[in-house]
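# Topology and contacts: notes
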Amino acid sequence: MVSSLYGIDQEGKSICVFLEVEAGGLAGISLELIAKGREICDQLGWQLVGLLLGNKVSELAEIGFAYGLDEIWMGDDPLLDHFTIEAYTFATFQVLMEHKPSVFLLGATPNGRDLAGRLAVRLRTGLNADCTDLRMNLQDERLVCEVSGFGGGVLALIEMAEHRPQMATVRPGVFSLGEPDLNRNGRLVPIEMNLQSDMIQTHLIERSVGKDVDLTSVPVLVAGGRGVDGDFKMLEELAQLLGGEIGATRPPVDEGHIQRERQIGQTGVVSSPEIAICCGISGAFHFVVGIEKADIVIAINTDPEAPIFDYADYCIVADVHQFVPALIEALSLEREVSIG
Ligand SMILES: Cc1cc2nc3c(=O)[nH]c(=O)nc-3n(C[C@H](O)[C@H](O)[C@H](O)COP(=O)(O)OP(=O)(O)OC[C@H]3O[C@@H](n4cnc5c(N)ncnc54)[C@H](O)[C@@H]3O)c2cc1C
């Protein structure tokens, strides 16, 4: 087996979290990874470190410390102003090789996934992608990554024996956010970057950010499946009345009835709403992992044997095309009465 560029005998006793910068702040996924990293570091007495790359980003450090980081390795350089895979791979590789953390965690976001794959090859280490849980084997201080496979039929627990860093990506919404402590301080370690502009082949021409909502933390999610027959207008009306947002299973997304950003599930968003209303959805594992964290699940399906009912708190055997309009009417009436 090919050895990684640094191994267990050279590793620093630390977990490093890649801090993704989004709209001038730290992305929610980075804060979620800090919360999980803090939990593990407290068990081991290890250091929790953040890797912060960007241009004029030092003021973000205090957010990272408030959420639980002990230290931040910061690469502040105009060439890191926007994410380009060449510059970010180079800079991250440089920092990891200087500090050699035992564990390196990234969000399974488009940029995080891109970066993680390249780094794993460059460092000749392994990468556990889209983990559904992380914990530490306290005896041999190995990270245990939980990864599901074969449509949820297999739950694999993966440890890396010798290769370092132990790399993993986790999707937004899998871990909970910790509570910030604004009095918490940490150590900011600026790192001089050896970047040159000719290393970057990607040129940013225009940056446009979608207006889509963050479905990971909406209060009410109204999700539609194939059984809705593309009638997402009806679901949108219901969602609006309940102060929520609409989502979908993969088939309506593939058929173009709703944007891909609203797909819930293993290859979509993991949502943690207070209430998830599942309309015309069978309950395939690939979908269910996206709503498992909902406080209450309500399912509406014509088939009393539909697997979604195994996960639901309230099971309604009905046709969505009859039940949802009736529900909308009842809610609208109630609203009129309370306003009047
Ligand atoms: C690698 C991989 C990744 C995947 N990732 C995802 C993912 O992220 N998210 C995802 O959703 N899927 C994903 N899938 C697909 C997944 O396996 C299922 O095929 C999909 O979730 C099924 O969607 P559905 O429940 O809408 O459709 P179906 O399974 O066809 O179910 C439709 C349901 O609607 C009910 N129904 C029909 N008419 C009505 C009516 N009028 N009123 C009420 N109920 C009605 C039926 O009884 C049925 O239960 C993935 C698959 C693979 C292989």
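These remarks concern the structure in this document.

What counts, and at which threshold
Every chain is numbered independently, its residues counted from 1 as its sequence is written. Selection of residues for local features in this predicted model requires a pLDDT of at least 70, selection of side-chain atom pairs for listing and counting requires 80 or more, and totals for whole chains, interfaces and linings are taken over all residues. Hydrogens and waters are ignored; side-chain quantities use all the structure's heavy atoms. Using a 1.4 Å probe on the protein chains alone, a residue whose accessible area is under 20% of its type maximum counts as buried, one over 50% counts as exposed, and one in between counts as partly exposed. Note on conventions: DSSP H or I runs of at least 4 residues are helices, E runs of at least 2 residues are strands, and numbering of each starts at the N terminus. The salt bridge criterion pairs a side-chain nitrogen of Lys or Arg with a carboxyl oxygen of Asp or Glu, the two atoms within 4 Å. A molecule or strand has a residue near it when one of that residue's heavy atoms lies within 4 Å. Counting of polar contacts relies on pairs of N or O atoms within 3.5 Å, with two restrictions inside protein: one atom must be capable of donating a hydrogen and the other of accepting it, and residues adjacent in sequence are counted only when both atoms are side-chain atoms. Only Asp, Glu, Lys and Arg are considered charged in this grouping, and only Ala, Val, Leu, Ile, Met, Phe, Trp, Tyr, Cys and Pro are considered nonpolar; every other residue, Gly among them, is considered polar. The set of buried Ala, Val, Leu, Ile, Met, Phe, Trp, Tyr and Cys residues whose side-chain atoms join them within 4.5 Å is what this entry labels a nonpolar core. Here a residue-residue contact requires only that any non-hydrogen atoms of the pair lie within 4.5 Å. Here, any two strands with at least 2 DSSP bridges between them count as paired. Here, axes are lines fitted to C-alpha atoms. For helices the fit covers the stretch in contact, and angles between N-to-C directions go from 0 to 180 degrees.

### Brief notes about helix α5 (residues 232–241)
- Every buried residue of α5 is accounted for by Phe232, Met234, Leu235, Leu238, Ala239 and Leu241.
- With its phi angle positive at about 70 degrees, glycine 243 sits one or two positions after the end of α5.

### Some points on the pattern of salt bridges
- Evaluated as defined, the whole model comprises 18 salt bridges.
- The network of salt bridges with shared partners includes Lys36, Glu39, Asp133, Arg135 and Glu146.

### Notes on the site of the ligand
- Taken together, 25 residues sit near the ligand, with Arg226, Thr249, Thr267, Ser282 and Asn301 positioned nearest.
- Threonine 267 places a side-chain nitrogen or oxygen 2.7 Å from a nitrogen atom of the ligand.
- Taken together, the elements giving at least two residues each to the shell around the ligand come down to α6 (250–254), α7 (285–288) and α8 (320–339).
- A breakdown of the residues in the shell around the ligand according to their chemical character gives seven nonpolar, 14 polar and four charged.

### Here's the deal with the nonpolar core
- In terms of nonpolar packing, the biggest core is built from 36 residues, with Leu105 and Leu134 touching the most fellow members.
- Counting residues per element, this core draws most heavily on helix α1 (residues 28–44), which supplies seven residues.
- Non-local contacts of leucine 105, meaning those with residues more than four positions away in its chain, are made with Ile15, Cys16, Val17, Phe18, Leu33, Leu134, Leu143 and Ala168.
- Ranked by size, the runner-up nonpolar core spans 26 residues in total, among them Leu106, Leu119, Leu123 and Val189.

### Remarks on the sheet that holds strand β5 (residues 47–54)
- Ordered by their spatial adjacency, seven strands build an open sheet running β8-β13-β7-β2-β5-β6-β14, and the pairing between neighbours is parallel. Of all strands in the sheet, those with a lone pairing partner are β8 (127–131) and β14 (187–190), marking the two edges. With strand direction ignored, the average angle separating the axes of adjacent strands in the sheet is 25 degrees.
- Summarising the sheet, strand β2 (residues 12–19) and β5 pair through six bridges and their orientation is parallel. Bridged to isoleucine 15 within β5 is leucine 48.
- Along the sheet face, α1 touches β2, β5, β7 (101–107) and β13 (166–170) and points at about 165 degrees away from the line of β2.
- Helix α3 (residues 85–99) contacts β2, β5, β6 (71–76) and β7 of the sheet and is inclined by roughly 150 degrees relative to β5.

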